Amino acid sequence: MRRRATDFRRPVRKKVPDALWWALCCAVILLFVYILSKGNKIESRPALSKRTYKHDKIMEGLNITEEMLNSNSVTRQLNDQISLAKAFVVIAKESNNLQFAWELSAQIHNSQRLLSNAATRRVPLTTRETEKAIRDMALLLYQAQQLHYDSATMIMRFKAKIQALEEQMNLVTEKSSKYGQIAAEEVPKSLYCLGVRLTTEWFRNFNLQKKSKDKRQMEMKLKDNNLYHFCVFSDNILATSVVVNSTAMNSKNPNMIVFHLVTDEINYAAMKAWFAVNDFHGVSVEVQKFEDFTWLNASYVPVLKQLQDSEIQSYYFSGNSDEGRTPIKFRNPKYLSMLNHLRFYIPEVFPSLKKVVFLDDDVVVQKDLSDLFSIDLNGNVNGAVETCMETFHRYHKYLNYSHPLIHAHFDPDACGWAFGMNVFDLVQWRKKNVTGIYHYWQEKNVDRTLWKLGTLPPGLLTFYGLTQPLDPSWHVLGFGYTNVDPQLIERGAVLHFNGNSKPWLKIGIEKYKPLWEKYVEYSHPLLQQCNFH
């Protein structure tokens, strides 16, 4: 039998590769476990800060974690502690705990010194350097918490402090407004002096009276509707003089201008004397006193009857009737003057005129105004510049819309407008009985429930639907209380110093005074004698 050749069998697998494989797997598993354990350790750190500590051991309430002691975050930890400690110092002082405030301040200084040294040497702080400072500060902060210097307490105290400061601010604002109003109502000594000297000169110098009487030929001018007629109602001689002078100096044809001035009996002689001794570039000037108007009596004029009422006078002068609810600016005694209300009787004051431009005595004219007399008012009575570019100048800011009469007849968002430079068509005024409309609303407001005080609210009611808007450049307001756009000043024809800061007062806004003062001749002997400068 033949013997079979040797069988070359497949070699048996070696054990070494299997061992390597298992070793590699174990290494991977160990690496995964290691990474997982590190992650758990990192994630578990914030939880340390949430531990509850026993209150009988102060050191266990410090919330000092491994993160706080890490060398990479000790600087931040110190800064955070310093910020919190500074707030606690303020509260401790307010609580009259001066000893604790001193301890906090000393520790703040110590921590700041460590930070300063580190910044100087440009080497980060180490845990060993800051461990004592952090622990000492943490102990003090814990004590502050035990004293209820926590966030909620701080917020409540700061709110109380803010409220107290707001009350102080409101009180100071109210006093400032009151003193400003008083200053605005006072007559400067220089103006009083001018009035006295002019009155004396008028009654002493018969040539002045004769000169005035010789101007009877001017009566034709006073009724000539081909001329430019302006009216001013005022008891301020110098202010009225500036209105006339500025209008004359900027007019292309001053000889065609007629000024109708109305004042009271006290200032009548002084006003007559001033406009008799001074020339205004050919402008014709008429001076009257409202006491001479026979039609101006309580039976015809409702407001005159109201102004004579003792309760109304007490309301203006005492200020106690409504427990101070009405702002002081509406209590100005000027509202008791008939000169302030005479603007609603212009057709009666000037029965021969068809069109007139009304100017307040606190305006300056810096452009020729002759084009105002050719403006088409489209059948309206009043030509005025609207002021509703600012939202607080709409009807609802002046009138009581809770009253059914106001609510039913007037749009609360209608545009307001300003007295101070107004073009009045007296033909349409008489035709539409505008004065009768004014009387109606004055009688309805006898109890002051439709509006408080002043002449603008009844003006808004009287000329509602009868006002033609004019280009804003004709009348620029705000020179007596706010800042005005320089471009508006340059374009403006009439600049109005409405507000308390009149240019002839010391409280006038300094940067706007030159606009007014350049029309005052300070070299005039009478102005020199009365210390105008």
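In this report, we go over the structure that sits alongside the text. Worth saying up front: this structure is predicted, and the values here are computed from it rather than measured. (Residues numbered from 1 in each chain as written. Predicted model: local features only at pLDDT ≥ 70, side-chain atom pairs only at ≥ 80, totals over all residues. Heavy atoms only, no water.)

### Overview of the sheet that holds strand E5 (residues 363-365)
No. 1: Spatially, the three strands line up as an open sheet ordered E5-E10-E9, and their pairing is mixed. Of all strands in the sheet, those with a lone pairing partner are E5 and strand E9 (475-476), marking the two edges. (Pairing = 2+ DSSP bridges. Helix = DSSP H or I, 4+ residues; strand = E, 2+ residues; numbered from the N terminus.)

### A closer look at the environment of phenylalanine 280
No. 1: With respect to the secondary-structure elements, phenylalanine 280 resides in the loop between helix H11 (265-277) and strand E3 (284-289).
No. 2: On the basis of relative accessible area, phenylalanine 280 is assigned to the buried category, the value being 6%.
No. 3: With 35 residues separating them in the primary sequence, phenylalanine 280 and asparagine 245 have C-alpha atoms 5.9 Å apart.
No. 4: Other than its neighbours up to four places away in sequence, phenylalanine 280 contacts Ser241, Val244, Asn245, Ala248, Trp274 and Phe275. (Buried < 20%, exposed > 50% of the residue type's maximum accessible area, 1.4 Å probe, protein only. Contact = heavy atoms within 4.5 Å.)

### Focus: the state of the cysteines
No. 1: Per the counting criterion, the structure on display carries two disulfides.
No. 2: Disulfide partner of cysteine 193: cysteine 530, at an S-S distance of 2.1 Å. With the S-S bond torsion at -70 degrees, the cross-link from cysteine 193 to cysteine 530 turns out left-handed. Separated by 337 residues along the polypeptide, cysteine 193 in helix H7 (residues 189-204) and cysteine 530 in the segment after helix H22 (525-529) bring together distant segments of the chain.
No. 3: Here cysteine 530 falls in the buried class, since its relative accessible area comes to 4%.
No. 4: Cysteine 388 shares a disulfide with cysteine 415; S-S distance 1.8 Å. The disulfide joining cysteine 388 to cysteine 415 has a torsion of about 60 degrees about its S-S bond and is therefore right-handed. In this pair, cysteine 388 sits in the loop between strand E6 (382-384) and helix H16 (404-409) while cysteine 415 sits in the loop between H16 and strand E7 (421-425), placing the two residues 27 residues apart along the sequence.
No. 5: In the protein chain, the bonded cysteines, numbered by position in the sequence, are linked as 1-4, 2-3. (Disulfide = S-S within 2.5 Å.)

### Side note on the packing of helix H10 (residues 237-249) against H11
No. 1: Where H10 meets H11, the axes come as close as 10 Å, and the angle between the chain directions of the two elements is 35 degrees. You can see that H10 and H11 cross each other, and the crossing is right-handed. Between H10 and H11, the contacting residues are Ile237, Thr240, Ser241 and Val244 on the first element and Ala270, Met271, Trp274 and Phe275 on the second.
No. 2: Looking at the contact of H10 with H11 residue by residue, the classes come out as six nonpolar, two polar and no charged. (Axes fitted to C-alpha atoms, helices over the stretch in contact; angles between N-to-C directions. Left-handed = near helix turned anticlockwise from the far one by under 90°. Nonpolar A, V, L, I, M, F, W, Y, C, P; charged D, E, K, R; others polar.)

### Description of the pairing of strand E2 (residues 257-263)
No. 1: Counting buried positions along E2 yields seven of seven residues, so the element is predominantly enclosed.
No. 2: Burial along E2 is two-sided: the residues Ile257, Phe259, Leu261 and Thr263 and Val258, His260 and Val262 are all buried.
No. 3: As defined by bridge partners, E2 adjoins E3 across six bridges and the pair is classed as parallel. From the neighbouring strand, valine 258 faces E3, where its bridge partner is serine 284.
No. 4: Following the backbone out of E2, through H11 and into the adjacent parallel E3, one traces a crossover that is right-handed. (Right-handed = clockwise from strand over helix to strand, strands pointing away.)

### Looking at unusual backbone geometry
No. 1: At histidine 281, a position not held by glycine, the phi torsion is positive, near 55 degrees.
No. 2: Looking at the element boundaries, histidine 281 is found in the loop between H11 and E3.
No. 3: When its relative accessible area of 44% is taken as the criterion, histidine 281 is described as partly exposed.
No. 4: Of note, asparagine 531 is a non-glycine position whose phi angle comes to about 60 degrees, a positive value.

### Concerning the pattern of salt bridges
Pairing between side chains of opposite charge can happen when the charged atoms of each approach one another.
No. 1: Counted according to the given criterion, the structure contains nine salt bridges.
No. 2: Note that lysine 132 and aspartate 136 form a salt bridge whose closest N and O atoms lie 2.8 Å from each other. Here aspartate 136 and lysine 132 lie together in helix H5 (residues 127-146), a separation of four residues that amounts to about one turn.
No. 3: According to the relative accessible area criterion, lysine 132 is exposed, its value standing at 60%.
No. 4: When its relative accessible area of 26% is taken as the criterion, aspartate 136 is described as partly exposed. (Salt bridge = Lys/Arg side-chain N within 4 Å of Asp/Glu carboxyl O.)

### Re the sheet that holds E3
No. 1: Strand order across the open sheet formed by seven strands is E3-E2-E1-E4-E7-E6-E8, with mixed pairing between neighbours. Strands at the two margins of the open sheet, each flanked by one partner only, are E3 and strand E8 (467-469). For this sheet, the mean angle separating the axes of adjacent strands, direction not counted, is 25 degrees.
No. 2: Pairing of strand E4 (residues 355-359) with E7 involves five bridges; the strand directions are antiparallel. Bridge pairing links lysine 355 to aspartate 425 in E7.

### Concerning helix H3 (residues 74-94)
No. 1: Taking 1.5 Å as the rise per residue, H3 with 21 residues should run 30 Å; its terminal C-alpha atoms sit 30 Å apart, in good agreement.
No. 2: Every buried residue belonging to H3 is among Val74, Gln77, Leu78, Gln81, Ile82, Ala85, Ala87, Phe88, Val89, Ile91 and Ala92, and all of these are buried.
No. 3: Immediately downstream of H3, the backbone of asparagine 96 shows phi near 65 degrees, a positive value. (Expected span 1.5 Å × (residues − 1).)

### Some details on empty space enclosed by the protein
No. 1: Under the defined criterion, the tally for this structure stands at two cavities of 30 Å³ or more.
No. 2: For the second largest cavity, the calculated volume is near 40 Å³.
No. 3: In this structure, the second largest cavity is lined by Tyr228, Phe230, Thr247, Ser251, Ile257, Lys367, Asp368, Leu369, Ser370 and Phe373.
No. 4: Residues belonging to the lining of the second largest cavity are distributed by class as follows: five nonpolar, three polar and two charged. (1 Å grid on protein atoms, 1.4 Å probe; cavity = no way out; pocket = protein on both sides within 12 Å on 5 of 7 lines; lining within 4 Å. Points joined across faces, edges and corners; volume = space filled by probe spheres on them.)

### So, the environment of proline 188
No. 1: Mapping proline 188 onto the fold places it in the loop between helix H6 (151-185) and H7.
No. 2: Between the C-alpha atom of proline 188 and that of tryptophan 504, which follows or precedes it by 316 residues, the distance is 8.3 Å.
No. 3: Once residues within four sequence positions are removed from consideration, proline 188 is found in contact with Trp504 and Leu505.

### A word on the side chain of aspartate 425
No. 1: The topology assignment puts aspartate 425 in strand E7.
No. 2: One buried charge, aspartate 425, has no salt-bridge partner; the nearest side chain with opposite charge is lysine 355, at 5.4 Å.
No. 3: Only 3.2 Å separates the side chain of aspartate 425 from the backbone nitrogen of glutamine 428, close enough to count as a polar contact.
No. 4: Aspartate 425 has contacts with Lys354, Leu377, Asn380 and Val381, leaving out every residue within four places of it along the chain. (Lys, Arg positive; Asp, Glu negative; His and termini not counted. Polar contact = N/O pair within 3.5 Å; in protein donor to acceptor, adjacent residues only side chain to side chain.)

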